[in-house]
Structures are given as C-alpha cells and as structure tokens.
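# Structure at a glance
Residues per chain, in single letters:
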Amino acid sequence: MVSVMEYQHTPVMPTEVLEWLSPAEDEELLVDGTLGEGGHSALFLDAHPTLHVIGLDADPRMLERAATRLAPFGDRAELRQAWFDEFFSNYAAERAPTRILLDLGISSFHFSGSGRGFSFRSSEPLDMRLDPGSGRSAEELVNTMDEKELADVIYAYGEERYSRRIAERIVRERSQRSIGTAGELADIVWHAVPGKYRHGRIHPATRTFQALRIAVNGELERIERGLEAALRVLAPGGRIGVIAFHSLEDRRVKHCFRAHNYRSKEPRDAPMSLEREPLVYVLTKKPLMPSEDERRRNPASRSARFRVAEKLQEREGAV
Ligand SMILES: C[S@@+](CC[C@H](N)C(=O)[O-])C[C@H]1O[C@@H](n2cnc3c(N)ncnc32)[C@H](O)[C@@H]1O
C-alpha cells in the first residue's frame, strides 16, 4: 500500500498477531482498541478483504495519521476517538466483535513527533496527555503533587528505586521555579540519583517518565477496566490478543485472563461466580515474544509480550 505519510511506528509481532487473531470466517469484526498509526489494522484489512475494523485511539493526532493510511480500505475501517475502556464499557451495538487487539502503551510517534514531552531527550512542554483535551498534564502533576504522593507515583508506576530522592529534588527545584519542559525534568532526575546510576543500561529518567505518563493517562486502571469490559463484549468463540511492554501491564493482562480462565476439571454446569464470567480459554500459556530477528530489526519490540484468549461458546457457560 503506497502512502505519502512517513510512519514512525513499526507494528510489533505482525506475523504472530495476524496468525493468532486472523478471522475464522468472512465478514468478521475486529476492534483495534489502540489504533496508533494503524499499522496492525492495515495488515488485517489487507490480508482479509471482507473484514471490518473499528479502530480506536484516545489521541486525535493518531487518528488523523491512521485515517490517511486506512483511507484505501474505505468504509471497512471505521475510526473513533475513544479510550478503549470507555468504549467497551458502553458498547451497545448489536454486532459483537469477533476479534479484539490491544497493543498497549504509546507509539513511536509520541516520542518523536507529538511535541508533548514523552521523551526525556526533548525540550518539549511536559504534557504527556494522550487526549490533550482532558485530564491533568504531567506539568501539573510535577508542580502540584505533594512530595509523598509524587514519590509513590514514581515508585508504583516506574518501579523506580530512587523515587523518594527524585520526588524530594523535584519539590526542592520547583520551589525556585516551576518545571515546564521534559528536558528540565530529566535534568532534575539526573542530579537526584547517585552517580553510578547515571551511566546504567537506561537513562536515569526513563522510569520517572514512564511513571508520569501512566499516571497522567490512568493507563493501568484503563487496562483493568478495559479488559473486563472487552471480554464481555467479545463474541462467543471470539479472540482477544494483548501486547504489553512492561511487567506492570503484562501482570494485569495475565491476572485478568487467569481469573476468567476455564479450568477443564470443573464440571461444566458448576455455578460460576460473577467475577469469573465470561469464561475464556487462555491460548498462550506463556506469553509470545518477538523473534530474535524482529528484536534486531525493531529494538522497540524487545520487551513485547503477547497473550491471547478465546471466549467460550455460550453453551459452555459464557455470557
Ligand atoms: C503502541 S501504539 C499502537 C500502535 C499500532 N498497533 C500500530 O501498529 O500503529 C498504542 C496506541 O494506543 C493509544 N492508547 C493507549 N492507551 C489507550 C487507551 N486506553 N484507549 C485508547 N487508546 C489508547 C495510544 O495513543 C497509541 O496511539
């Protein structure tokens, strides 16, 4: 497919995603809950000429980029600005999706071209909202949260061992002048951590930036709510695949799938607790990971973990 726009994000694990989520019949419906630049959706639409895709993204800029890429597919691609947890929770359409894909986190474009301070290497304003029209920006958080709250966020969402020192330094610096850019924050973190930590495998601000992004966008809560709601919306016999990029995300996917997993030893007519409905078969006992070759070609794929579950048919007890 030829396009004049330069896409910055390479779809992760394309072969595995297509293989595990490929539609079983004609005229199926895929909800791509994290459309991004539309890389995965384009692959599906190309490979399955009768497939219909609903593509969601919280970020209106991403929708614009994906719209250009998916224009050749006409009305087979329907794009909407939405958070996936809200979309699935409010889903009332008659047609249940037979495939759901969630490719979590942010896209390469967010780091390199969004101008919203996701990268500690930039001097962009510290915003980090995926939907710039709603919620509190990272700038607001770092300039207003109290020290303990800030340390807790950096620890819980960044798994940053120097969270207290970093929070203390942020509070000290902001008493002189407010923190406005990604570069200023990166510099504060750099000076807050011990010297030996500055030259490790990753930049010392990596975890703090991840933590703020997760907090700003409520990412982990959205994953929990979104997965529960997506399992309800999915058609019986349908499949959901989720790509996670760090342990905080992947743990939530694993727990949700496990909580709903059908155990073959249970009698089929056993009463089901409400939390366990609907039931699924977890198809990937261990998460799939990118091949060595993909990791080499696309370093951003390195930490990807792909899990897939299939919803049981109704006669077996699914709602
Ligand atoms: C990793 S990128 C997806 C890349 C895409 N699969 C591709 O091949 O181009 C994740 C996208 O999901 C969006 N996103 C993240 N969390 C979201 C949520 N809870 N609801 C809707 N969109 C979300 C981000 O704005 C980002 O564009």
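Remember, it's a predicted structure, so these values are computed and weren't measured experimentally. (Residues numbered from 1 in each chain as written. Predicted model: local features only at pLDDT ≥ 70, side-chain atom pairs only at ≥ 80, totals over all residues.)

### Focus on the overall build of the chain
Scanning the chain from terminus to terminus reveals 13 helices and seven strands. Counting only C-alpha atoms, the chain reaches 65 × 50 × 40 Å along its principal axes. Here the chain holds 319 residues, and the buried ones make up 42% of them. Summarising the internal contacts of the chain: among those between residues at least 6 apart in sequence, 70% fall at separations of at least 24. (Helix = DSSP H or I, 4+ residues; strand = E, 2+ residues; numbered from the N terminus. Buried ≥ 20, exposed ≤ 12 C-beta atoms within 10 Å, placed from the backbone. Contact = placed C-beta atoms within 7 Å.)

### Details of the environment of A211
With respect to the helices and strands, A211 occurs in helix 10 (residues 206–217). Overall, A211 belongs to the buried group, with 25 C-beta atoms counted inside 10 Å. Distance in space between the C-alpha atoms of A211 and E292 is 28 Å, their sequence separation being 81 residues. The residues touching A211, leaving out its near neighbours within four places in the chain, are V153, I154, Y157, G158 and E160.

### A few points about the sheet that holds strand 3 (residues 77–81)
Strand order in the open sheet formed by seven strands is 3-2-1-4-5-7-6, with mixed pairing between adjacent strands. The open sheet terminates on both sides in strands that have one partner only, identified here as strand 3 and strand 6 (280–282). Taking the axes of each pair of neighbouring strands and ignoring which way they run, one obtains an average angle of 15° across the sheet. In this structure, strand 1 (residues 29–32) lies alongside strand 2 (residues 52–57), joined through four bridges in parallel fashion. When the sheet's bridge partners are listed, L30 is paired in strand 2 with V53. Strands strand 1, strand 2, strand 3 and strand 4 (99–103) of the sheet are contacted by helix 2 (residues 39–47), whose axis makes an angle of about 175° with strand 2. Helix 12 (residues 247–260) rests against strand 5 (239–244), strand 6 and strand 7 (305–311) of the sheet, and its axis sits at about 20° to strand 7. (Pairing = 2+ DSSP bridges. Axes fitted to C-alpha atoms, helices over the stretch in contact; angles between N-to-C directions.)

### Here we look at the environment of G117
Among the structural elements, G117 can be located in the loop between helix 5 (108–112) and helix 6 (138–144). Counting along the chain gives 92 residues from G117 to F209, while the straight-line C-alpha distance between them is 9.1 Å.

### Focus on the domain arrangement of the chain
Structurally, the chain comprises domain 1 (14–110 + 236–316) and domain 2 (115–217). Computed from C-alpha coordinates alone, the two centres of domain 1 and domain 2 are separated by 30 Å. Each side of the interface is counted separately: domain 1 has five residues, and domain 2 has six residues. Looking at side-chain class alone, the side of domain 1 that touches domain 2 contains three nonpolar, one polar and one charged residues. (Domains from an automatic or database assignment. Nonpolar A, V, L, I, M, F, W, Y, C, P; charged D, E, K, R; others polar.)

### Here's the deal with the packing of helix 1 (residues 14–21) against helix 2
Where helix 1 meets helix 2, the axes come as close as 11 Å, and the angle between the chain directions of the two elements is 50°. Taken together, the axes of helix 1 and helix 2 lie oblique to each other. Classified by chirality, the crossing of helix 2 by helix 1 is right-handed. Residue-level contacts link P14, V17 and L18 of helix 1 to H40, L43, F44 and A47 of helix 2. Class assignment for the residues of the contact of helix 1 with helix 2 results in six nonpolar, one polar and no charged. (Parallel < 35°, antiparallel > 145°, perpendicular 65-115°, else oblique. Left-handed = near helix turned anticlockwise from the far one by under 90°.)

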